[in-house]
Amino acid sequence: MSENMTREEASGGFNKRLLVTGGAGFIASHMIISLVENYPDYRIINLDKLEYCASLKNLEAIADRPNYKFLQGDVCDSHFIKHLFDSENIDIVLHFAAQTHVDLSFLHSFKFTYVNTYGTHILLNAAHRAGVEKFVYISTDEVYGGSSDEVIPKFISLLQHNRKCCIHGSGRQMRHFLYATDVVEALLAILRMGENGEIYNIGTHFEISVSQLARELIQMIKNTESESETDSWMDYVKDRPTNDLRYPMKSEKMHNLGWRPKVHWKEGIEKTIEWYRSNFHNWKDAKHALEPFVHESMDEKEKYGNMKC
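Residues numbered from 1 in each chain as written. Predicted model: local features only at pLDDT ≥ 70, side-chain atom pairs only at ≥ 80, totals over all residues. Heavy atoms only, no water.

Chemist: Looking at this structure, how should I read the side chain of Asp48?
Modeler: Note on placement: Asp48 falls in strand E2 (residues 42-48). From its side chain, Asp48 meets the backbone nitrogen of Leu50 in a polar contact 2.6 Å long. Not counting chain neighbours up to four residues away, the residues in contact with Asp48 comprise Gly22, Gly23, Ala24, Gly25, Ala54, Phe70, Leu71, Gln72 and Gly73. (Helix = DSSP H or I, 4+ residues; strand = E, 2+ residues; numbered from the N terminus. Polar contact = N/O pair within 3.5 Å; in protein donor to acceptor, adjacent residues only side chain to side chain. Contact = heavy atoms within 4.5 Å.)

Listed below in structure tokens is the structure:
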């Protein structure tokens with residue numbers, strides 16, 4: 001940057017330039033839409049490899065906005081990432097990109113480790129060299145030893161296609177769920193007020209067992225009238241190799257930033273059901289999401305489009 005050129009001029013007239021990795025994923029796409037719509041003076045750059053859990057259809061509403069830009073690329077490509085930071089004058093990084101599906105991680109542990117560890121290292125190194133002001137790494141409860149769940153979209157998709165909910169083990173495992181907009185609001189609070197070097201757990205006191213979750217979704221989607229009718233839509237299958245019964249998180253640091261969940265469970269789950277009713281086919285090979293088990297054959301191991309229960 002020349003001495004006569006201001007930071008804003010070097011940034012193409014935008015006050016800030018934010019890089020969002022994995023921006024075509026479910027939560028990250030909601031984050032990008034909020035940023036693009038509410039911060040017109042910020043340039044929002046979406047970097048995504050567009051693998052099995054990504055879809056640009058999630059972002060069609062803002063695709064033509066002047067403060068939005070999409071780049072297809074891999075966080076593990078060090079040369080590409082270096083060029084991106086050199087050319088885009090990135091100020092802030094929101095790192096969502098990751099391999100997250102638990103069942104696939106059992107079969108493809110090397111790929112998961114490579115992307116989630118090496119890819120993050122590449123990104124951190126480039127961000128450090130570029131002198132970014134803030135790097136927000138969005139992780140899951142897996143960093144504490146538990147396993148992340150995609151059970152809600154799985155159950156909704158199965159039921160909407162007249163398939164039973166496949167429940168691992170007893171179904172007594174307790175899980176916490178937040179609506180997407182509450183997660184976005186939490187991340188915006190961290191961007192505005194979060195301190196560098198801090199860890200912020202984004203959680204809720206509401207929890208529900210997997211079997212009760214299935215029952216509530218069945219009653220809402222299939223309009224069942226009796227307990228036996230509801231139970232007929234539930235299929236108990238062999239448990240995962242590891243499946244924690246409960247993993248609550250403390251979110252006091254988030255509360256100190258002024259954030260608390262706003263969307264109640266019933267409202268959020270009703271909106272989520274309608275969202276998947278309209279958007280199920282946003283993903284390529286979406287029907288692979290209906291497969292109940294991870295298959296051991298080599299052919300299936302190559303199909304990273306499989307999203308398992």
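Structure's up, so let's keep going.
Chemist: Looking at this structure, I do not really get helix H6 (residues 151-160). What am I missing?
Modeler: Each α-helix turn comprises 3.6 residues. Residues three or four places apart therefore point the same way. In terms of burial, H6 is largely enclosed, as nine of its 10 residues are buried. Listed as buried for H6 are Val151, Ile152, Lys154, Phe155, Ile156, Ser157, Leu158, Leu159 and Gln160. Its buried side turned inward, H6 meets strand E6 (165-168), helix H8 (210-222) and helix H11 (265-279). One or two steps after H6, the chain reaches Asn162, where phi turns positive at roughly 60°. (Buried < 20%, exposed > 50% of the residue type's maximum accessible area, 1.4 Å probe, protein only.)

Chemist: Hey, could you run me through the confidence of the model for the protein chain in this one?
Modeler: Predicted coordinates in regions of low pLDDT should not be interpreted in detail. Considering every residue of the protein chain, the mean pLDDT works out to 83; 79% of them sit at 70 or more. This stretch, residues 1-6, has a pLDDT under 50; its non-local contacts, to residues over four places away or in other chains, come to five contacts. Note on residues 293-309: pLDDT is under 50 here. Beyond four places in sequence and across chains, it has 40 contacts. (pLDDT = per-residue confidence, 0-100.)

Chemist: Hey, could you run me through the packing of H6 against H8 in this one?
Modeler: Packed helices, taken two at a time, are described by the angle their axes make and the gap between the axes. Taken N-terminus to C-terminus, the directions of H6 and H8 make an angle of 35°; their axes are 10 Å apart at the nearest point. The two elements H6 and H8 cross, and the hand of that crossing is right-handed. Across from Val151, Ile152, Phe155, Ile156, Leu159 and Gln160 in H6, the residues of H8 making contact are Val210, Leu213, Ala214, Leu217, Ile218, Ile221 and Lys222. (Axes fitted to C-alpha atoms, helices over the stretch in contact; angles between N-to-C directions. Left-handed = near helix turned anticlockwise from the far one by under 90°.)

Chemist: Teacher, can you tell me more about the packing of aromatic side chains here?
Modeler: Ring pairs (aromatic) are described by centroid distance and by the angle formed between their planes. Here the structure, examined in full by the defined rule, presents six aromatic pairs. With a centroid separation of 5.0 Å and an interplanar angle of 25°, the aromatic rings of Tyr39 and Tyr42 are classed as stacked. Tyr42 matches Tyr39 in its accessibility class, with the two residues each being buried. With a centroid separation of 5.0 Å and an interplanar angle of 25°, the aromatic rings of Phe206 and Trp265 are classed as stacked. Note that Phe206 is positioned in the loop between helix H7 (180-193) and strand E8 (207-209) and Trp265 in helix H11, a separation of 59 residues in sequence. Looking at Phe206, the relative accessible area reads 30%, which means it is partly exposed. (Phe/Tyr/Trp six-rings, centres within 6.5 Å; stacked < 30°, edge-to-face > 60°.)

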